[in-house]
Structure formats: structure tokens, C-alpha cells
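Residue-level structural notes
So the chains spell out like this:
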Amino acid sequence: MLKRPEELLRSTPAGLYSPAGDFYIDPIRPVDRALITHGHSDHARSGHRKVMATQQTLDIMALRYGADFAEETQTAELGKSTEVNGVTISFHPAGHVLGSAQIAVEKEGMRIVASGDYKRRADPTCLGFEPVACDVFITEATFALPVFRHPNSRDEIAKLLKSVEQFPERSHLVGAYALGKAQRVIRLLRDAGYDRTIYIHGALAKLCDYYETQGIKLGPLAPATIEKGSVADFAGAIVVGPPSAFLDRWARRFPDPVSCFASGWMRIRQRARQGGVELPIILSDHCDWDELTDTITELHPSQVWATHGREEALVRWCDLNGYAARPLHLVGYEDEGD
Amino acid sequence: MEEFAALLDRLVLTPARNGKLKLLADYFRDTPDPDRGLALAAITGDLNIANVKPAMLRALIAERMDQQLFAYSYDYVGDLAETISLVWSADEPLRSNSVPTLGDVVTALERASRSDAVRMVEKWLDQLDASARYALLKLVTGGLRIGVSARLAKQALAQFGEVDVTEIEELWHGLTPPYQPLFAWLEKTAEKPESLSLAPFRPVMLSTPLEEPDHARINAQEYAAEWKWDGIRVQLTSEKGQRRIYSRTGDDISHAFPDIADFMTFEGTLDGELLVARSNDTEMEIGAFGDLQQRLNRKTVSAKQLESHPAFVRVYDLLFDGAEDIRALPFGERRRRLEAFVKQLEPTRFDLSPLIGFETFEDLARYRKNPPHPIIEGLMLKQYTSAYVPGRPKGPWFKWKRDPFIIDAVLVYAQRGHGKRSSYYSDYTFAVWTGPETDPHLVPVGKAYFGFTDEELKQLDAFVRNNTTERFGPVRSVRAEPKHGLVLEVAFEGLNRSKRHKSGVAMRFPRISRLRWDKPPIEADRLETLEALLRDTQNPE
């Protein structure tokens, strides 16, 4: 057995690196060989020579960066093992967004799972998280504070639909990240019985089309442009777009909009207030506090490494509950990306 | 409790008045008695229940979770009630049929001692979800602070029942939570409740601004002229020993002005302006609006304040003379009655707002330009024949305010607006120059978010976006250099001294009156200009 897990994976300025296997996981700088957990742009960057990821993540990267985003790509089959320079690698569903995976790396009886971003609750737009036993579990800590307990997503969508009914003369602008959250919001609206056309910002179009090809039915969508119609067409409509667009001039085309934001951060009222959000929709693609602590309890690893977010609270919980834990200082991942 | 919590969550984040009215009216429609009435009372501040101290809540949570984790959480959230509502986890999850209603909570708390209340709160926290826990904690710590005034809540009732808001204001002080007869009337299942209480509020008569086309109507035969005092409008009513001081929207503010209430020995209803005096070593003089603010928005008033800032009322109308309702009489007749009425009152607490003699409109224009006292903000013109009617009819009463003060200031920060304006930088912080003439710097003196046209808003927004130097969340700082920047002409009604502002001054009703694209920033005003104005208006000759 390897003496120290750091021989298998450790943090470097370019990202999480395997000295034994000479590869990186979700590197933030261009590298020779990169393993990518999922398609969010802070994890999946362009410019690496060789990229290994699930087929869906590779497809998403091609949509975002063009088909030639890497010299060489390799598809990782979920649950199948491959070897890279004597290190055994396998990908397992992470439940974060379409195509997302945890990456297990193993050598001489030492296994580390880099979970990337993950969540534990059901999401109709991606495969659910599969727990993988390991010696070291690398966990995200985006919402690692006991204040973050995400409510039932059905109830959150019901809040939105109630407001649409209450304010039929206004349009509801739902800020949601283009990959994952936007499609999840749309799919949840469909599951709640909303069958009217949903208008989408241009930045979402390719990804929504791609989700459709992967069998995730999003129902009738139309671009949120007024070239053809008038402002009044958007009265009572739901419009989904990236949050940044709603603060921009783009948003002015809609009648007296109700600004909504689908994010785990919306749990904190001050966050909503500062962002000028009128209707917060608490919906996250990351684990909440209970999911994080339950996952650690379930996996029972001998070490926990916590990264990007509020590591100190999770490390404190691990101390109290008898897990060896330390923060893993990785830079370059956006705290806000939910 | 959950519906109430959902309402609070929406109200607190809804900036637009119409949005709030709609949310409230829908809640009143969809929620049964007594919950809707109790929610109303919670919002208007008329709920009288046991208070729980923040320290007791801290002790509760300390029994349940690691203090280090709580500290991390509180530090992140910043609000005690919100933090506890989020971190609370029930000892064991309870079934939904045991969720308490707002009625259950209020009924129990009305009878509870403070220590009982804490144990009840603990039990309810176990039964409620995070949003309802937050509402409960805000309720028991006595501060909803959701940006809804009692006035707005009454407006929502009026909208819900399709009645005029003055009808509700008139009834309000005879009603008690949970207001079932009121809701029954608004839903048209019962007659309008009789106002049974003594000394009720009578909706006030308001004026409209005098504008150019109406100047010709004003002549000394038809109109009386008075000074317009810059205090707060009050209605004093006293009936069979019950004495009340109402604001112009019908809020009972008697508790804040015992120095007036103690001397309300009359029977009747007076309309007037509440002002404060300022005592110096030798004599009393009328204070500025800033002095009056020392006495406003206080639950209780200290003996020291009563002495340093005594209140008095400058009366200008009589609505009830004894038990006789004289509102239908013409103003001229009411005025004669008022002059006789005032003679029986304590002269240090009540005096008469004098009529101003004039012959021509030009006389009035001159008075308006040169008022004899800084607390005067213009003229009031009242038709001798006018009856006292609620609301704001056009013609019988005009207000003719003096011109606003104007300064040129430099735009330094801009903040994104809310609602319709969320994509615009529409709230502007402006500054004036201070320091040595050779090396001046800007000091912010105020903030304004109206006064400009939609077209100007677009120009301002574009200027902000193209001249941003730094961003802090929703705020941008913009280029403001001697030769590059934007000068705003700012109009305002007055100045107060302020300890909270670095500049030492605070403006009243500042608004953007013109965009001075033509003016280089270095030519904007200096702080000395405002300081001089402050001296002139605070120290009457």
C-alpha cells in the first residue's frame, strides 16, 4: 500500500494532480492530461492536450469550446476501470448535472475518490450519485454550513407557479445557470404540470437541444426575443436565462418582470436582497449540509479532504464525529457557481 | 403559520408598492379568520404578545448544537433569528398535522409569561419548517421589519374590500385583532362595523400643489392665506376624557407626545401642525425639522427630551366643536369658531396659525419668496367657502411651496434599482468638493433615485456602465475627476445635521433636477455652500 495518499493525489497550483499517474483532475491551467468531472466551465477548461471524461461531458465541452477543444479525447464509461501510468481510474455518477462523475483513483490498495461537485437528491435531468467506498474522500464544501438545508424542490417550483398565477400581467425571469440548473428548472416545471411555452435566453439554446438528444424532454421552448412579437407577448410568461443576463440591458424587453433566481444561495435572505431578487427559488445542484455529513457517514472514509467553499465548518464537523479531515486548498473554482 | 411565513418572505423582497398590495390582498382573501386578522395586527404593530429576548434564543440553540458551528453560521448569515431558523433541527421530525397555526401561536402567547413563552417557542420550532420558524422568531422578538407600513396594510384592506381607505382609517381605532367584523364587512357578508370607540380618527383634508394655470383663481376675497409649517400634521381629538393624537394617516402617536396630551383639556377635534421648541438659556424658539426628528419614531420619550425639545401644536382648523360636527361648515365659519376655541387652551402648548393679510397675488408671491421663519416651507391657500372633506379635492386647498434648494454635485456611485429598474443603475450617490482649493476631494452628501425622465435614466445608466472604476456587488463607483465625470443638479427641501454622514449634512427629499453634461466636475459646489445653508436654516434670526 502507498504510504501517503498525497503520492496518489495532491493539490498543486494547476489543480489536483496525481504524481503516481501524471494526470490532473479538473485542472485550472492547460495540462498534458486532464480528467474532467463535469462540464461547468470552472472545472472543464479548454486547452488541455488529452482529456478523459464521460461522453456527455465531452459532448458538452465540444458544444462550448468547439469540436477541437483537445488533441485527444477518451470516453470514460461509468463504472469501468482503466489504467493510466499504473493508476487505476474509474468514473461514477455524481448527480450534479448531466454527465457529471466522481473520479476514483487507486494504486496499491489506496483509493481516493474525487467527487467533484455532487448532490444526493433526485434530479430528473441526470443520473443519481453512487457511493464509492474509499480511503480518502475529496468532498466539495460549497454549502457546508448548517444553515444550508435545501427545501423540497417541488415546493420551490410551486412557489414560482403560484407567483405566475398571482401576477399574470408580469413576466417571471428565472435566473439559472446555463448547464444543469436551467434544464432542471424547466423539467421540474413540466413535472409540476406547466405545459406552456417557456422562453429561453440564447445562451441556453444549444444546451437545451443537447439535453433533448439525451432523452430529457423539456417541452415547448422558444427564444426570448421580441423581434417577431411585442412586449405584451411576455406578460404571464416564464423566461429562463443565465443570472448575469437579468442584470443587463437584455432584461428590459420584459413587462414589469419579477426577478427570480434558482440557487442554493437563495436560502439566505440577505443574498436575495443584495441581488435584487424578488422571488428566490432555493434549488441547488450541490449537497446541502445534511447531504454532506450523511455522505461522509455513509462512506466512512479514513480521511476527508474538503475543498471549495466553507471547508472550516465541515472539518469541524469531521473533528466532532471522529473523521480525520483537512481543507484541500484548491484555487480557481467559483464559489458562486450554483 | 406557513402561509403567514410565505407572505412575509415575499413582502420583504417585493420592492413595488402595487406588488405588496396584491400580495396582502390575496392573503386576506385566501386565509381564514382569525389568522388573517392576527397577521394584519402583526404587520400594523397591534399585536400584544409576550416578548422573547434574543439571549433566550441563543440559550435554546446552545442546548442543541456545537457552538463553533453555530458561530460559523451566525457569522455567515448575520441575523440571529434567521440563523436559528435555518440551523434548527427537530429532535425528531413531527407529523404535519401537528403544525401550529398563527392563531394557535398568538392565543398561547397572549396568556404566556416570558419564561413559558420560551418553552413554547422551542416546541413550535420543532414543528415548523425553516421559513415558518423565521416568521415565528421575528414575531416573538417583536420586529417583523418587512417594509410594510400600517398605512400600506390599510390600503391593502381597502383594495381587498373595494372600499376607500379613509373608511378603514376612520374605523381602525375602534377595532381590535383579529378584526372579524372588519373582514366580514369587507367581504360583504356583514354591515359596516359601527365605530364604538371614543375619540376616533377623522380622515384628513389634503391640499394640491398650486400650479401656473390656477394662479389667476387666487384672490383675497375667495382665499385665505396661511404659512405652511414644516412640522408634522396632527389631529388632536378629545372626547369624554379619551385623548388621542393622530398622524395624518390615522396612526395613534399619543404616547410619543405626553407634553401635548396632558393639556388636551378640551372637547372636540383640532387639526394643526406639531412643532417642537428648542430651549436655549433665556427663551424658547421654534426648532427646525431636525429638532422635531428628535421626538419622532420613539416608543417612549425621556424627561430630558421633554425639557430640551418640548412639543406644541399650531392649530389651523376645527372639525368638532365640543360634540358638534362642524366639518360641513365653510372654512370661514370654522375659522371664527377656531379662534374662539383656542382662547380656552393652554397657550404654551397650542397657538393659532395666523392668517396672512394680502391684497394681490403679487403680495403672496413676495411672502413665499421671503418667509419670516426657516420652519415655513411655503403658503397654504384655503377657500373661505370650503367644507372640510377627506382626501385631496382640487380647488378648495392649495399648497404653494417655496422653491427647492439647488446644488450642483458630482456623481460618485450608482446602484442597481429594483423591480422594473433592476437592469438599470438608477440610485445615485453624489458628492461635493471639500479640502483645499488646490487639492480638493469629493465627499458624498446624499443619494437620489428620482427626478429624471426615462430617457435621462437611459443616459445615466449608459454613463455609469461606460465610466465604472470599481464594483462592489450591486454598486459601481464611477469616474469623478476634476475634468471628467458627471455633474448632477440636485434639488432638495432642506438640510439637517447628521452624525451618520461623513459630510455632516443630510438632505431632505433630494432628487435629480437636471443633468449637467455641460459642466466640468470641478465647477460643482463645495461643502462650504451646504454648511452656510445649514447655518442659515438652523439658526433663525
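Residues numbered from 1 in each chain as written. Chains lettered and ligands numbered in written order. Predicted model: local features only at pLDDT ≥ 70, side-chain atom pairs only at ≥ 80, totals over all residues.

Turning our eyes to something else, we now look at the overall build of chain B. Scanning chain B from terminus to terminus reveals 19 helices and 20 strands. By the compact-globule yardstick of 24 Å for 541 residues, chain B fits well, its C-alpha radius of gyration being 27 Å. The buried share of chain B, reckoned over its 541 residues, is 37%. Within chain B, counting contacts between residues at least 6 apart in sequence, those at least 24 apart form 69% of the total. (Helix = DSSP H or I, 4+ residues; strand = E, 2+ residues; numbered from the N terminus. Rg over C-alpha atoms; globule rule 2.2 N^0.38 Å. Buried ≥ 20, exposed ≤ 12 C-beta atoms within 10 Å, placed from the backbone. Contact = placed C-beta atoms within 7 Å.)

Okay, the overall build of chain A next. Counting its secondary structure elements, chain A contains 8 helices and 19 strands. On C-alpha atoms alone, chain A measures out to a radius of gyration of 21 Å, which is about the 20 Å that the 2.2 N^0.38 rule sets for 338 residues. Over its C-alpha atoms, taken along the principal directions, chain A stretches across nearly 65 × 45 × 30 Å. Out of the 338 residues in chain A, the part that is buried amounts to 52%. Pairs at least 24 apart in sequence give 59% of the contacts found in chain A among residues at least 6 apart.

Below, the discussion takes up the domain arrangement of chain A. Where interface size is quoted, it is often the accessible area lost as the parts come together. Residues and elements named next belong to chain A. Under the domain assignment, chain A is made up of domain 1 (5-147 + 286-327) and domain 2 (153-281). Taking only C-alpha atoms, the centre of domain 1 and the centre of domain 2 are 29 Å apart. Opposite the 14 residues of domain 1 that make contact, domain 2 presents 14 residues. Partitioning the side of domain 1 that touches domain 2 into residue classes produces 7 nonpolar, 5 polar and 2 charged. (Domains from an automatic or database assignment. Nonpolar A, V, L, I, M, F, W, Y, C, P; charged D, E, K, R; others polar.)

Residue and element names in this part refer to chain A. One open sheet accounts for 6 strands, arranged E14-E13-E15-E12-E16-E17; its pairing is parallel. Whereas interior strands pair on both sides, the edge strands pair on one side only; in this sheet they are strand E14 (221-223) and strand E17 (279-281). Between one strand and the next, the sheet's axes are offset by a mean angle of 30 degrees, whatever the strand orientation. Where helix H2 (residues 153-166) meets the sheet, it contacts strand E12 (172-175), strand E15 (238-241), strand E16 (258-262) and E17, and its direction lies at approximately 155 degrees from that of E17. In this fold helix H3 (residues 181-191) packs onto E12, strand E13 (198-200), E15 and E16, with an angle of close to 155 degrees to the strand it touches most, E15. (Pairing = 2+ DSSP bridges. Axes fitted to C-alpha atoms, helices over the stretch in contact; angles between N-to-C directions.)

This part covers the interface of chain B and chain A. Contact with chain B, which involves 27 residues of that partner, is made by 28 residues of chain A. Those elements that provide at least two residues to the side of chain B that touches chain A are helix H1 (2-13), helix H2 (17-30), helix H5 (67-77) and helix H6 (80-87) of chain B. Of the residues forming the side of chain B that touches chain A, the biggest block, 6 residues, is contributed by H5(B). Among the residues forming the side of chain B that touches chain A, the class breakdown is 11 nonpolar, 10 polar and 6 charged.

Here we take up the nonpolar core. If you look at the biggest cluster of nonpolar residues, it comprises 209 residues, and the most contacted ones within it are Val185(A), Val239(A), Val240(A), Cys260(A) and Leu136(B). Counting 33 residues, the second largest nonpolar core, distinct from the first, contains Ala431(B), Phe452(B), Val487(B) and Leu488(B). (Core = buried A, V, L, I, M, F, W, Y, C linked by C-beta atoms within 7 Å.)

Right, let's talk about unusual backbone geometry for a bit. Residues and elements named next belong to chain B. Along the chain, Asp33 connects to Pro34 via a cis peptide bond; the corresponding omega equals 0 degrees. Here Pro34 lies in the loop between H2 and helix H3 (35-44). A cis amide bond, omega 5 degrees, links Pro177 with the succeeding residue Pro178. Along the chain, Pro178 turns up in the loop between helix H11 (165-172) and helix H12 (180-186).

Let us now look at the packing of helix H10 (residues 150-161) of chain B against H11(B). Residue and element names in this part refer to chain B. The interhelical angle for the contact between H10 and H11, taken along N-to-C directions, is 120 degrees, at an axis separation of 8 Å. Compared by their axis directions, H10 and H11 come out oblique. The two elements H10 and H11 cross, and the hand of that crossing is right-handed. Together, Lys154, Gln155, Leu157 and Ala158 of H10 and Val165, Ile168, Glu169 and Trp172 of H11 make up the contact between the two elements. Classifying every residue of the contact of H10 with H11 by side-chain character gives 5 nonpolar, 1 polar and 2 charged. (Parallel < 35°, antiparallel > 145°, perpendicular 65-115°, else oblique. Left-handed = near helix turned anticlockwise from the far one by under 90°.)

Right, let's get into the pairing of strand E5 (residues 50-53) of chain A. Residues and elements named next belong to chain A. As defined by bridge partners, strand E4 (residues 33-35) adjoins E5 across 3 bridges and the pair is classed as parallel. Paired with Arg33 across the strands is Lys50, a residue of E5. As paired elements, E5 and strand E6 (residues 72-75) share 4 bridges and run parallel to each other. Bridge pairing in E6 places Val51 opposite Thr73. Each parallel crossover has a hand, and the one from E5 via helix H1 (residues 55-65) to E6 is right-handed. (Right-handed = clockwise from strand over helix to strand, strands pointing away.)

What follows covers the sheet that holds strand E10 (residues 376-383) of chain B. Residue and element names in this part refer to chain B. Within the open sheet, the 4 strands sit side by side as E1-E11-E10-E2. Their pairing is mixed. The open sheet has two edge strands, strand E1 (208-209) and strand E2 (223-229), and neither has a second partner. Pairing of E2 with E10 involves 6 bridges; the strand directions are antiparallel. Looking at E10, one finds that Glu226 is bridged to Met380. Relative to E10, helix H17 (residues 361-369) is tilted by about 150 degrees, and along the sheet it contacts E2, E10 and strand E11 (397-401).

In this model, chain B carries an average pLDDT of 90, and 96% of its residues clear a pLDDT of 70 or more. For chain B, strand E6 (residues 284-286) of chain B is the element with the lowest average pLDDT, namely 74, and helix H16 (residues 331-342) of chain B is the one with the highest, namely 97. (pLDDT = per-residue confidence, 0-100.)

What follows covers the environment of Ala76(A). All names here are of chain A. Structurally, Ala76 is set in the loop between E6 and strand E7 (81-84). Judged by C-beta crowding, with 22 C-beta atoms within 10 Å, Ala76 ranks as buried. Along the sequence, Ala76 and Tyr194 sit 118 residues apart, while their C-alpha atoms lie 36 Å from each other. Discounting chain neighbours no more than four positions away, the residues touching Ala76 are Met52, Ala53, Thr54, Phe91 and Ala101.

Residues and elements named next belong to chain A. Every buried residue of helix H4 (residues 205-213) is listed here: Leu207, Tyr210 and Tyr211. Taken down its axis, H4 places every buried residue within 100 degrees of arc, on the same side. With respect to the buried face of H4, the exposed residues turned more than 90 degrees away are Asp209 and Thr213. Against the buried residues of H4 lie H1 and H3. Directly beyond the C-terminal end of H4, a positive phi value near 85 degrees is found at Gly215. (Arc of directions from axis to C-beta.)

Quick look at the pairing of strand E18 (residues 303-309) of chain A now. Along a regular strand, successive side chains alternate from one face of the sheet to the other. All names here are of chain A. E18 sits mainly inside the fold: 6 of its 7 residues count as buried. Relative to E18, strand E11 (residues 136-141) runs parallel, the two being bridged by 6 bridges. Within E18, the position partnered with Ala141 by the bridge is Gly309. Both E18 and strand E19 (residues 324-327) contribute to a ladder of 4 bridges, which runs parallel.

What follows concerns the packing of H3(B) against helix H7 (residues 102-111) of chain B. Residues and elements named next belong to chain B. Packing of H3 against H7 brings their axes to within 9 Å, and their N-to-C directions diverge by 60 degrees. Considering their axes alone, H3 and H7 lie oblique with respect to each other. For the pair H3 and H7, the sense of crossing is left-handed. Mapping the contact onto sequence places Asp35, Leu38 and Ala39 in H3 and Leu102, Gly103 and Val106 in H7. The residue inventory of the contact of H3 with H7, partitioned by class, reads 4 nonpolar, 1 polar and 1 charged.

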